[in-house]
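Descriptive structure summary
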Amino acid sequence: MTTLRIILGDQLSYDIASLMDYQENDLVLMMEVREETQYVKHHKKKLVFIFSSMRHFAQELINKNYRVKYIKLDESESLSSFTDTLNAQVKLIKPSKIVCTEPGEYRVLLMMQSWEKTFKTPVEIRADKRYFSAITEFKQWAKGRKNLRMEFFYRTLRQRIGILMEQGEPIGGKWNYDSENRHAYDHKVPLPKPYQIKIDKITQEVIELVKQHFDGYPGEINNFNFAVTRKAALQALNYFINQALPFFGTYQDAMMLDNNVLFHSGLSQYLNIGLLSAKEICASAEKAYLTKHAPLNAVEGFIRQILGWREYIRGIYWLKMPEYANNNYLKADEKLPDFYWDGKTDMRCMQHVIEATLQDAQSHHIQRLMITGNFALLYGVLPSEVCKWYLAMYADAYEWVELPNTLGMALYGDGGFLASKPYAASGAYINKMSNFCQSCRYQVKLKVGPDACPFNYLYWDFMLKHQALFMQHPRLKFAINHAGKMNLSQIEQIKESAKAFRKSQGKKI
Ligand code: FAD
Ligand code: DLZ
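Residues numbered from 1 in each chain as written. Chains lettered and ligands numbered in written order. Predicted model: local features only at pLDDT ≥ 70, side-chain atom pairs only at ≥ 80, totals over all residues. Heavy atoms only, no water.

1. Re the site of ligand 1
In the vicinity of ligand 1 there are 28 residues, among which His 264, Ser 265, Gly 266, Asn 272 and Asn 405 approach most closely. Within the side chain of Ser 265, a nitrogen or oxygen atom sits 2.6 Å from an oxygen atom of ligand 1. In this structure, Arg 368 approaches ligand 1 through a side-chain N or O atom, which is 3.4 Å from a nitrogen atom. Here ligand 1 loses 99% of its free accessible area of 810 Å² to cover by the protein chains. For the shell around ligand 1, the secondary-structure elements that each account for two or more residues are helix 10 (268–273), helix 12 (296–320), helix 15 (365–379) and helix 17 (399–410). Of the residues belonging to the shell around ligand 1, the class tally is 13 nonpolar, 11 polar and four charged. (Near = heavy atom within 4 Å. Polar contact = N/O pair within 3.5 Å; in protein donor to acceptor, adjacent residues only side chain to side chain. Areas by Shrake-Rupley, 256 points an atom, 1.4 Å probe, with all protein chains shown as cover. Helix = DSSP H or I, 4+ residues; strand = E, 2+ residues; numbered from the N terminus. Nonpolar A, V, L, I, M, F, W, Y, C, P; charged D, E, K, R; others polar.)

Written out as C-alpha cells, the structure reads:
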C-alpha cells in the first residue's frame, strides 16, 4: 500500500503537512511542469530559484531516507500540467491514496479538488500549517466585522501567540512604532552589503536549463544570488538579523539608486517557498530585541510585516477568492506601458526600480507600492495587467500574496476593502524618500508641462477624475478639496500634460 505524497515548488519544508505520517513504502512526488512556467512568463531568476530549490530539497529528502520520485522539466515523464503528469504517475504507481498540502493559489486548488474524480483514487488535501493563523481562523475573525483592518488582526495574533508581549500588554506599552520609522536614508549608518550566495552544480544545471528553454522570458539570469537550500537561507536570515535589523524600522521606506535592499531582509522568497518559516524568523527578531541587539521600533516594525501583513494578506485572499481577482473599483482600463518590461523610460525612479527588478527579481515594499504600483494607479492601468507583471517579476510572487497586495493595496481595485486609502502620491513623496529625482530628466518641482515630473500631473489628473468618488474619503479630503479649488486654467494644464504623456506612451487620443 503506497501513499503518494505530493510536494509543490512552494512547499519545500520538512514539516509540510503532506509529509507528516510518512511511512517506509510511501513515495514523495515532485514535478517540474510546463504549465507552472506558463501561467505567467516568470522572471528567469525566479525559475532558477524554484527549480534549483526543488531539486536540492528532493536530494535532502533522499539523504534523509525518504523515497522520492523527482520529474525534471526536460524529462519525458513531465507532461504539460500537474494533473496530466500526476495522472500518468498514478497509473504507473497505483497508490492507495494521494496526500497533498493545500496550495498557495486558487487555480491549483481547483486542480487538486478535481484529482480524486479524475484519478479514481482517494485524495486528501491537508491544511498548510506553516502559517501563524489558519485560513479558518481568519474567516472566523472576519465574520460579521465591518472593518477588516490589518492592525486589529495583528493585535489579535500577537496576543494569542504572545510575541513581544508582557503580561497581556505589548512590550514597550505601544502596538505600533511607525512614528519613529520611515525616514529617508541619511548616510548615518553604512548600508549592509548584499548577502552573497555560492552557486553549486545543481544550480548551474538549472541555469543552463532556463537559458535553453526560457530565452524569451523577462529578467537577467547572470549573477544569480538566491539561497536554494534551507541551510543557506538560514545563513541569509542570520546575516539580516546581525547586519540590518537594527535599522530596519528607521529606513523602512527609504529608497536609493545604488542599493535595492537597504535594511530590508530580502527573505520573502525563502519564506514563501518554505525554506524558512515565519515562526523562526519572528522568533529570531524577537530574540534580537530581548538581547538588546535591535531596538523595539525595528523589531516590532519587522514582526508586524510577517505576523501582521503577511498573515492578513493570506486571509483576505482565501476569504475573497475567486471573485477578488475580477475587482476593478476605479474602472482602470489602460494597457501596462511597455517600459515595465525593459525599464526604458526617462522617469528615473521607474527606470531604476524596473531595472533593479529585471536584474534581481526582488524589490522592497515601497519600491513596489510607491513607485511601480503608484504609477500604475495614477496612470489607470487595468488591474489584471498589473497583477500579471508583479506575479511574473518577483521571486517571491504567488497569487495568494501578490494579488491582494497589487489589486487591493497598490491599485485600490477592491474599493478600500484592504487598504484604508489609495496609495497615490506625487513626485514630492518620491523626492523625500529617495535620491532618484536628483538625476532625473524631469523636474520634480514642476507641476505641469513637458519637463514636469509625470507623477505630479498624473496625481492631480487622478484626483480630478475621481473627485466624486473620494469626496467623502477622510484620508483624501485634503487633496480632493485642493482639486476642487483649482481654476479652469489649472485643470486644463494638468489634463493637457497628462494627455500628452499618455500620447507619448503610444495611447491613441
Ligand atoms: P521585508 O521588508 O524585509 O519584510 C519582511 C517580510 O515581511 C517579507 O519578507 C514578507 O514576507 C513580509 N511582508 C512585508 N510586507 C508584506 C506584505 N504587504 N504582504 C505580505 N508579506 C509582507 N510580497 C510577497 O511575498 N510576494 C509578492 O508577490 C508580493 N507582491 C507585492 C506586490 C505589491 C504591489 C506590493 C505593494 C507588495 C507586494 N509584496 C509581496 C509585499 C512586500 O513588498 C514584499 O513582501 C517585500 O518587499 C519582500 O521584501 P523583503 O523580504 O526584503 O521584505
Ligand atoms: C512557480 C512554479 C514554477 C515556475 N514551476 C513549478 C513546477 O514546475 N513545479 C512545482 O511543483 N511548482 C512550480 N512552481 C510553484 C507552483 O506554481 C506553486 O506551487 C503553485 O502556484 C501553488 O502556489
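2. Details of the site of ligand 2
In the neighbourhood of ligand 2, 18 residues make up the surrounding shell, with Gly 9, Asp 10, Met 31, Val 33 and Glu 36 lying closest. Taking Asp 10, its side chain carries an N or O atom lying 2.6 Å from an oxygen atom of ligand 2. Tyr 39 has a polar side-chain atom sitting 3.5 Å from an oxygen atom of ligand 2. Within the complex, the protein chains bury 100% of what would otherwise be the 490 Å² of accessible surface of ligand 2. Sorting the residues of the shell around ligand 2 by element identifies helix 2 (44–63) and helix 4 (106–119) as the ones contributing at least two each. A total of four residues in the shell around ligand 2 trace back to one element, the largest contributor, which is helix 2. Here the shell around ligand 2 is built from residues that sort into 10 nonpolar, three polar and five charged.

3. A few points about the pattern of salt bridges
When the charged atoms of two side chains lie near each other, side chains of opposite charge can form a pair. For the structure shown, the criterion picks out 27 salt bridges. Close ionic contact of Glu 36 with Arg 107 constitutes a salt bridge, the shortest N to O distance being 2.8 Å. With Glu 36 in helix 1 (residues 34–38) and Arg 107 in helix 4, this pair connects stretches of sequence that are 71 residues apart. A salt bridge links Arg 130 to Asp 128, with the nearest nitrogen and oxygen atoms 2.8 Å apart. On the basis of relative accessible area, Arg 130 is assigned to the buried category, the value being 15%. Given a relative accessible area of 9%, Asp 128 falls into the buried group. Residues joined in a network through salt bridges with shared partners are Arg 5, Asp 21, Asp 26, Lys 97, Glu 124 and Arg 126. (Salt bridge = Lys/Arg side-chain N within 4 Å of Asp/Glu carboxyl O. Buried < 20%, exposed > 50% of the residue type's maximum accessible area, 1.4 Å probe, protein only.)

4. Observations concerning the side chain of Asn 297
In this structure, Asn 297 sits in helix 12. On the basis of relative accessibility, which here comes to 9%, the residue Asn 297 falls in the buried class. Residues within four places of Asn 297 in sequence aside, it is in contact with Tyr 177, Glu 180, Asn 181, Gly 249 and Thr 250. (Contact = heavy atoms within 4.5 Å.)

5. Looking at the side chain of Ser 53
Inspection of the secondary structure puts Ser 53 in helix 2. The class of Ser 53 is buried, set by a relative accessible area of 0%. Among all residues touching Ser 53, those that are not within four sequence positions of it are Leu 12, Val 48, Ala 227, Val 228, Ile 273 and Leu 275.

6. A few points about the packing of helix 6 (residues 150–161) against helix 12
Interhelical geometry of helix 6 versus helix 12 gives an angle of 105° and a closest axis separation of 9 Å. For the element pair helix 6 / helix 12, the angle class is roughly perpendicular. The residues of helix 12 that touch helix 6, namely those facing Met 150, Glu 151, Phe 153, Tyr 154, Leu 157, Arg 158 and Ile 161, are Glu 300, Ile 303, Arg 304, Leu 307, Gly 308, Trp 309, Glu 311 and Tyr 312. Partitioned by chemical class, the residues of the contact of helix 6 with helix 12 number nine nonpolar, one polar and five charged. (Axes fitted to C-alpha atoms, helices over the stretch in contact; angles between N-to-C directions. Parallel < 35°, antiparallel > 145°, perpendicular 65-115°, else oblique.)

7. What to know about the nonpolar core
Judged by nonpolar contacts, the single largest core of 159 residues is most densely connected at Leu 245, Tyr 270, Met 350, Phe 375 and Met 463. With 11 residues, helix 12 is the single largest residue contributor to this core. Contact partners of Leu 245, with chain neighbours within four places excluded, come to Phe 240, Ala 285, Ala 288, Ala 294, Ala 298, Val 299 and Phe 302. Ranked by size, the runner-up nonpolar core spans 19 residues in total, among them Ile 6, Met 31, Met 112 and Trp 115. (Core = buried A, V, L, I, M, F, W, Y, C linked by side-chain atoms within 4.5 Å.)

8. Some points on the packing of aromatic side chains
Within the structure shown, the criterion is met by 39 aromatic pairs. Judged by centre distance (4.6 Å) and plane angle (55°), the rings of Tyr 22 and Tyr 66 are tilted. In this pair, Tyr 22 sits in the loop between strand 1 (3–6) and strand 2 (27–31) while Tyr 66 sits in the loop between helix 2 and strand 3 (68–71), placing the two residues 44 residues apart along the sequence. These aromatic residues form a ring-pair network of at least three members: Phe 339, Tyr 340, Phe 375, Tyr 379, Trp 389, Tyr 390, Tyr 394, Phe 455, Tyr 457 and Phe 501. Stacked on the ring of Tyr 394, the Lys or Arg Arg 368 has its end atom at 4.0 Å from the ring centre. Over the aromatic face of Tyr 379 sits the side chain of Arg 502, whose NZ or CZ is 4.8 Å from the ring centroid. (Phe/Tyr/Trp six-rings, centres within 6.5 Å; stacked < 30°, edge-to-face > 60°. Lys NZ or Arg CZ within 6 Å of the ring centre and 35° of its normal.)

9. What to know about the pairing of strand 4 (residues 97–101)
Within strand 4, four of the five residues are buried, which leaves the element mostly enclosed by the surrounding structure. Of the strand pairs in this sheet, strand 1 and strand 4 are connected by three bridges, and their pairing is parallel. Note on strand 4: the bridge partner recorded for Arg 5 is Val 99. As for the winding sense of the linkage, the β-α-β connection from strand 4 through helix 4 to strand 5 (residues 123–126) is right-handed. (Pairing = 2+ DSSP bridges. Right-handed = clockwise from strand over helix to strand, strands pointing away.)

10. Side note on the environment of Leu 47
Note that Leu 47 resides in helix 2. Measuring from C-alpha to C-alpha, the distance between Leu 47 and Val 210 comes to 7.1 Å, with 163 residues separating the pair along the chain.

11. Considering the environment of Glu 137
With respect to the helices and strands, Glu 137 occurs in helix 5 (residues 135–142). Between the C-alpha atom of Glu 137 and that of Gly 373, which follows or precedes it by 236 residues, the distance is 30 Å. Residues in contact with Glu 137, not counting those within four places in the same chain, are Phe 132, Leu 157 and Arg 160.

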